[in-house]
Amino acid sequence: MPYTTPKIPQKRLHLPAFAQNSLNNLPLNKLCDFADWQDDSFRLLAAQILGTDGSAPYHRKLWEFTQLVRALKENGLLSLDYLGLSVGAGFERVLYYLANQCGRIIASDLYGDSAFAAGEASRSVLEDPARHAPYPYRQEALSAVYMNGCALGFPDSSFDFAFCLSSLEHFGGLENAAVCVREMARVVRPGGIVFFTTECSLNGFVTDEVFKPAEIEYLLTGSSLTLCEPFNWSLSGETLNYLIDMRKDDLSSLPHINLKLFASIFTSISVAARKEGNQPRCLNIEALDSLVEKFRSIPTQRDAVNRKTLSQRAIKKLLVLKWRTEDLLCSLLA
Ligand SMILES: C[S@@+](CC[C@H](N)C(=O)[O-])C[C@H]1O[C@@H](n2cnc3c(N)ncnc32)[C@H](O)[C@@H]1O
């Protein structure tokens, strides 16, 4: 249900003036924008990933998948020769698309042991990823392992690419998210690609699961990664007309592009970066398969990483109070 963005005071505006995207030259490092769907090749690829009748709904989740596949395609990594790792993978649909395109895709997550255990990070993914397959796929090419994204068990340079979609913001703050980006960079070979999407504030207000634009760049510090291209912060004016208030609106309504939680208005940002240098992987497919087999045979130990202590819960309550107050003040000032 589209409606006009409410007049929310800009706490700290990091974004330059909004401008129309160049349709035939869609950047990789950008905010999710309604206008991106006007690109024919974008829509076609999105529909292929979705595996439907050719429709590509205006949903930022599908946008994230499409941006990932574009980044891999543009870097020549979509072939059976290449191995990829997904971190905080859940049962995201793009895993199955990539399993049909790449040598191996390893899905890693705290399966059965995170706030998402009843949904996308259920143990059933670990036991049998095929149970969640949206369409036929190369079953030998996709395996799931229980693994903390901040302490990946793979040796350096194991993969050609690693990615993390809509998960970094759930890892317990900026520093943990940056550790995960460094871990992805470590397990990718020099010359390989790290790609992630996360939540980026459009109006300077944040909650604990939304980053400011400057923090997105901070996530790459100390990682030996270089952005594939500079960030393009432009957004079409049209995109700002669509906003879903997470506390009031139907979350399944489309277009699902910009979200509002308390005073924070945010959307997805995609980031593609290359690891400096150029070297082959340290693992071939057989070695990766046996390593994954080894990880899968170890009984999963419940990881304390996502468990909240009493003081963390108290801090969260205070934060919620702060966000409510900000929201109230914003609506009074609007
Ligand atoms: C919003 S879901 C996204 C799932 C999937 N990437 C997608 O796009 O559908 C966030 C995921 O991050 C996972 N997660 C949270 N903390 C994690 C951690 N420390 N290590 C690995 N995964 C984690 C959750 O279990 C969950 O599956």
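As a reminder, the structure under discussion sits directly above these lines.
Caption draft 1: Structural detail: helix H1 (residues 40–50). Those residues of H1 not exposed but buried are Leu 45, Ala 46 and Leu 50. Along the long axis of H1, the arc covered by the buried residues comes to 135 degrees, so they all point the same way. Exposed and facing more than 90 degrees away from the buried side of H1 are Asp 40, Ser 41 and Leu 44. Those residues of H1 that are buried are in contact with helix H2 (60–74). Looking at the residues trailing H1, positive phi occurs at Gly 51, about 75 degrees.

Caption draft 2: A look at the site of the ligand. The environment of the ligand is formed by 20 residues, the closest being Gly 88, Gly 90, Ser 114, Ala 121 and Gly 149. Looking at side-chain class alone, the shell around the ligand contains eight nonpolar, nine polar and three charged residues.

Caption draft 3: Summary view of unusual backbone geometry. Omega for the bond connecting Leu 254 with Pro 255 falls within 30 degrees of zero, at -5 degrees, which places this linkage in the cis form. Note on placement: Pro 255 falls in the loop between strand S8 (244–245) and strand S9 (259–261). At Ser 166, a residue that is not glycine, the phi angle is positive and equals roughly 55 degrees. One can find Ser 166 in the loop between strand S5 (159–165) and helix H5 (174–187). The partly exposed category is assigned to Ser 166, around which 19 C-beta atoms lie within 10 Å. Phi angles above zero are rare outside glycine, and Phe 262 is one such case at about 55 degrees. Inspection of the secondary structure puts Phe 262 in the loop between S9 and strand S10 (264–275).

The rules we used
- Residues numbered from 1 in each chain as written.
- Predicted model: local features only at pLDDT ≥ 70, side-chain atom pairs only at ≥ 80, totals over all residues.
- Buried ≥ 20, exposed ≤ 12 C-beta atoms within 10 Å, placed from the backbone.
- Helix = DSSP H or I, 4+ residues; strand = E, 2+ residues; numbered from the N terminus.
- Arc of directions from axis to C-beta.
- Contact = placed C-beta atoms within 7 Å.
- Near = placed C-beta within 6 Å.
- Nonpolar A, V, L, I, M, F, W, Y, C, P; charged D, E, K, R; others polar.

All we've got here are geometric facts, nothing functional implied.
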